[in-house]
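Each chain, letter by letter, is given below.
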Amino acid sequence: MVSRVIPVDTFDLVIFGGTGDLARRKIFPGLYRRFMAGQMNDASRIFGAARAALSEQEFRDQIGAALKEFVATDRLEPEAVEGFLARIFYVPINAREESGWEKLKSTLRGDVVRAFYFSVAPNLFPDLAERLHAHGITDATSRIVVEKPFGRDLASARALNEVLARYFHEDQIYRIDHYLGKETVQNLMAVRFANILFEPIWNSQHVDHVQITVAETMGVNGRGAYYDKSGAMRDMVQNHLMQLLCLIAMEPPYHFDPDAVRDEKLKVIRALQPVPPQNIVRGQYLAGGGEGSYLEHCDNPDSRTESYIAMKVEIANWRWKGTPFYLRTGKRLRARHSEIAITFKEPPHLIFDDAEGWKENVLVIRLQPNEGMHLMVMIKEPGPGGMRLMQVPLDMTFATAYAEAAEAAEDVPDAYERLIMDVIRGNQTLFMRGDEVEAAWAWADPIIEGWEARGDKPQGYDPGSSGPEDALMLIHRDGRRWREIK
Ligand code: NAP
């Protein structure tokens, strides 16, 4: 099985913030890989834009260095790198000033896809939108890509949506959540909606509970002051974990079509119940392993911002009433490990004597590391010794399916590159719609306001652990246990 590359139309892509960290680490390396794969044609061009007064050559040198740092060495073919860099240009522009825009306008072509990636601080999004419009650089066919965070509460998200809506139609706005671009996340939709096996048992009658874990080993050092203004709820739960929850919980859309999918996700968000304080545990990592504590890293000894959160979330609809979704995410944890685990209920009656050997069926969707999917099922332990049961994984990992064509597996695009190609194609299925983002904030706001009003302090947890003690209790008291972070 070999991955099929479908070339996209010719484009002019402008990356505002083209000299920034995200552009260097993800956007340009991703575009290079798409160029290598033949998906981006020779006539397409990429423009970096930022305030720095760089010549074209200086910018190309910077991107060349970024490719060396962030693209696997065996994919760096000198001819391909040269060919890619020849399609890169630089325009000095300050989002807040008038100069540079007319030059940009005269440089861009009218007969190709025009896309503008806002890879700058969110407070510059309105300036960019306004100036692109004022200088007549965008028309009804242009697209803008907006990075996270999209607001820090409902009011700011709504204000941002309103500003963008002044200059762009909703079908021109691509709010990026790179979790949606992951191969396995899309595979989850294929598994759910292209098989008859799962949907009939995909409900509270058969699913005991769902766990969504996004664990990181890194702390916030270096960007502690910035992180301290958001915390795990705003930075991770309101967007990434929420999107994953939606894909698991949504009803089958009538078609795999942007609005059909997003309508179903929106219904899930609207059905989320308020989360009472006893169903939330927040934590801050302590010092250890030669590194400082969260409070030291954010340089604020009184900070009440969480670097960890665990919560039990309930969805009030016919399908999910009674099935809890346990979410947790945090920094400085035992391992870098992100997964969704769907644990099914016991069979109504166990006919085997080996009750101890029996374990639940679990569908595990692993996002990182080693993206893949497996279903834990029970079989008979091989050999003599009577009917003893054992649990084995049924592997549904795409890397395994592609094993015969190793190079094809390398061509599977990472989340950013897939999403950028979707922007060029004009496919918004894997991007968040404005009403979805607002609904997610409408759910998150009262939860955050609750702990702020009560003055709740996060609990300390040891670096390298799986989080605060109380997070264990959150799930133990329901007679369940967290899956291991490993
Ligand atoms: P960054 O490293 O601080 O880069 C910011 C970029 O914006 C630079 O290219 C900077 O270049 C440019 N810039 C700053 N002020 C400008 C102005 N007035 N006009 C035009 N350009 C200006 O930030 P980043 O980490 O790349 O993040 C960019 C965006 O992506 C942010 O919204 C961030 O929240 C989001 N994001 C980043 C990551 C990540 O891993 N880095 C992950 C998820 C989301 P000059 O100083 O030369 O102007």
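Residues numbered from 1 in each chain as written. Predicted model: local features only at pLDDT ≥ 70, side-chain atom pairs only at ≥ 80, totals over all residues. Heavy atoms only, no water.

## Considerations on the sheet that holds strand β3 (residues 88-92)
Okay, step 1: Read from one edge to the other, the open sheet built from 6 strands follows the order β3-β2-β1-β4-β5-β6, with strand pairing classed as parallel. The outermost strands of the open sheet, each flanked by one partner alone, are β3 and β6 (173-175). Recorded for the sheet is a direction-independent mean angle of 20° between the axes of neighbouring strands.
Okay, step 2: Two elements, strand β5 (residues 143-146) and β6, share 3 bridges in a ladder whose sense is parallel. The residue of β6 that forms the bridge with V146 is R175. (Pairing = 2+ DSSP bridges. Helix = DSSP H or I, 4+ residues; strand = E, 2+ residues; numbered from the N terminus. Axes fitted to C-alpha atoms, helices over the stretch in contact; angles between N-to-C directions.)

## Looking at the packing of helix α7 (residues 183-193) against helix α9 (residues 232-249)
Helices that pack against each other are described as a pair by the angle of their axes relative to one another and the distance between those axes.
Okay, step 1: Interhelical geometry of α7 versus α9 gives an angle of 10° and a closest axis separation of 10 Å. One way to sum up the angle between α7 and α9 is to call them roughly parallel. Taken as a pair, α7 and α9 cross one another with a handedness that is right-handed. Across the interface between the two elements, V185, L188, M189 and R192 of α7 pack against L244, L247, I248 and A249 of α9.
Okay, step 2: Of the residues assigned to the contact of α7 with α9, the class counts are 7 nonpolar, no polar and 1 charged. (Parallel < 35°, antiparallel > 145°, perpendicular 65-115°, else oblique. Left-handed = near helix turned anticlockwise from the far one by under 90°. Contact = heavy atoms within 4.5 Å. Nonpolar A, V, L, I, M, F, W, Y, C, P; charged D, E, K, R; others polar.)

## Here we look at helix α3 (residues 78-85)
Okay, step 1: Buried within α3 we find A80, V81, G83, F84 and L85.
Okay, step 2: Those residues of α3 hidden inside the fold are in contact with α1 (21-36), β2 (45-50), α2 (56-70) and β3. (Buried < 20%, exposed > 50% of the residue type's maximum accessible area, 1.4 Å probe, protein only.)

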